[in-house]
Amino acid sequence: MTNEFDPVIIGFTCNWCSYRAADMAGTARIKYPHNVRLMRLMCSGRLDPTFVLKALAGGADGVLLTGCHPGECHYLEQNYKALRRVKLLKRTIAAMGIEPERVKLVWASAAEGTFLAKEIGVFVEEIKALGPLNWPQRAGINGIPVHQPEIEEVPA
């Protein structure tokens, strides 16, 4: 028995493209790591940044956001909104002391099941290399860092 780290990854997928790519991978029996739990959003642009923070605080070691290729969004330009949000999220978690590589954005059309499966495998390996996040222990209670001031003994 090995004690190899097995990361938990939450994936947010676009209903129109990347969710269908994951479905295609499954129906074509293309194997990808079991580590990712996929959740469907109507559009990658609908990703609320708090979803990512809650996923990390709740025990996920990484978060994968997938959507339509730029210029091919069913909601016009919402995937550009997702791109801006991911860049901001990476800066935010870096300021919190968390590696920004724990959040990844991948563009995948409905026909790219093989590509999406490969990217999931790559991301799992990247997270394995980073090790477990253990955010609650890093961040303290409710995401607020716990700073214990040094207590000086007062002479009696």
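Residues numbered from 1 in each chain as written. Predicted model: local features only at pLDDT ≥ 70, side-chain atom pairs only at ≥ 80, totals over all residues. Heavy atoms only, no water.

Peer 1: What exactly am I supposed to notice about the overall build of the protein chain here?
Peer 2: Helix and strand counts for the protein chain come out as five helices and four strands. The order of α-helices and β-strands along the protein chain, N terminus first, is β-α-β-α-β-α-β-α-α. In the protein chain, which comprises 156 residues, the share counted as buried stands at 38%. When contacts within the protein chain are restricted to residue pairs at least 6 apart in sequence, long-range pairs at least 24 apart make up 77% of them. (Helix = DSSP H or I, 4+ residues; strand = E, 2+ residues; numbered from the N terminus. Buried < 20%, exposed > 50% of the residue type's maximum accessible area, 1.4 Å probe, protein only. Contact = heavy atoms within 4.5 Å.)

Peer 1: What am I meant to see in the sheet that holds strand β1 (residues 9-14) here?
Peer 2: Two pairing modes exist for strands in a sheet, parallel and antiparallel, and in both the strands are linked by backbone hydrogen bonds. The four strands are arranged β2-β1-β3-β4 in an open sheet whose pairing can be described as parallel. In this open sheet, the two strands that pair with only one neighbour each are β2 (36-41) and β4 (103-107). Between one strand axis and the next, the sheet turns through 20° on average, direction left out of account. Pairing of β1 with β2 involves six bridges; the strand directions are parallel. Paired with G11 across the bridge in β2 is L38. Most of the contacts of helix α1 (residues 18-27) go to β1, to which it runs at about 115°, and overall it touches β1, β2 and β3 (62-67). Packed onto the sheet, helix α4 (residues 113-130) meets β1, β2, β3 and β4 and runs at close to 165° relative to β4. (Pairing = 2+ DSSP bridges. Axes fitted to C-alpha atoms, helices over the stretch in contact; angles between N-to-C directions.)

Peer 1: I would appreciate a short explanation of the nonpolar core in the present structure.
Peer 2: Side chains of nonpolar character tend, in soluble globular proteins, to be buried together. Within the largest apolar cluster, 20 residues are counted, with the highest numbers of intra-cluster contacts made by F12, L47, V52, L56, V63 and L65. Elements supplying a minimum of two residues to this core: β1, α2 (49-57), β3, α3 (78-95) and β4. Counting residues per element, this core draws most heavily on α3, which supplies four residues. Setting aside residues up to four positions removed in sequence, V52 forms contacts with L47, V63, L89 and V103. Listed in part, the twelve residues of the second largest apolar core include A21, L116, I120 and I127. (Core = buried A, V, L, I, M, F, W, Y, C linked by side-chain atoms within 4.5 Å.)

Peer 1: Can you walk me through the pattern of salt bridges in this structure?
Peer 2: Counted under the stated rule, the structure contains six salt bridges. The closest approach of N and O atoms between E119 and K104, which form a salt bridge, is 3.3 Å. Here the residue E119 occupies a position in helix α4, and K104 occupies one in strand β4, the gap between them amounting to 15 residues. Relative accessible area serves as the criterion here: at 13%, E119 is assigned to the buried category. Several salt bridges converge on common partners, so that one network encompasses K104, K118, E119 and E126. (Salt bridge = Lys/Arg side-chain N within 4 Å of Asp/Glu carboxyl O.)

Peer 1: Sorry if this is basic, but what is going on with the packing of α2 against α3 here?
Peer 2: Axis angle and axis distance: for two packed helices, these are the angle between their axes and the distance between the axes, and together they describe the pair. Running from N to C, α2 and α3 point in directions that differ by 40°, and their axes come no closer than 10 Å. Considering the angle they form, α2 stands oblique to α3. Relative to α3, the crossing made by α2 is right-handed. Taking contact as the criterion, the partners of P49, V52, L53 and L56 in α2 are, on α3, R85, L89 and I93. (Parallel < 35°, antiparallel > 145°, perpendicular 65-115°, else oblique. Left-handed = near helix turned anticlockwise from the far one by under 90°.)

Peer 1: Help me understand α4, please; the structure alone is not making it clear to me.
Peer 2: For an α-helix, the turn length of 3.6 residues means that residues three or four places apart are oriented alike. Here α4 is 18 residues long and its end C-alpha atoms lie 26 Å apart, about the 26 Å a rise of 1.5 Å per residue gives. For α4, the full list of buried residues reads G113, L116, A117, E119, I120, G121, F123, V124 and I127. Residues of α4 that are buried make contact with β1, α1, β2, β3 and β4. (Expected span 1.5 Å × (residues − 1).)

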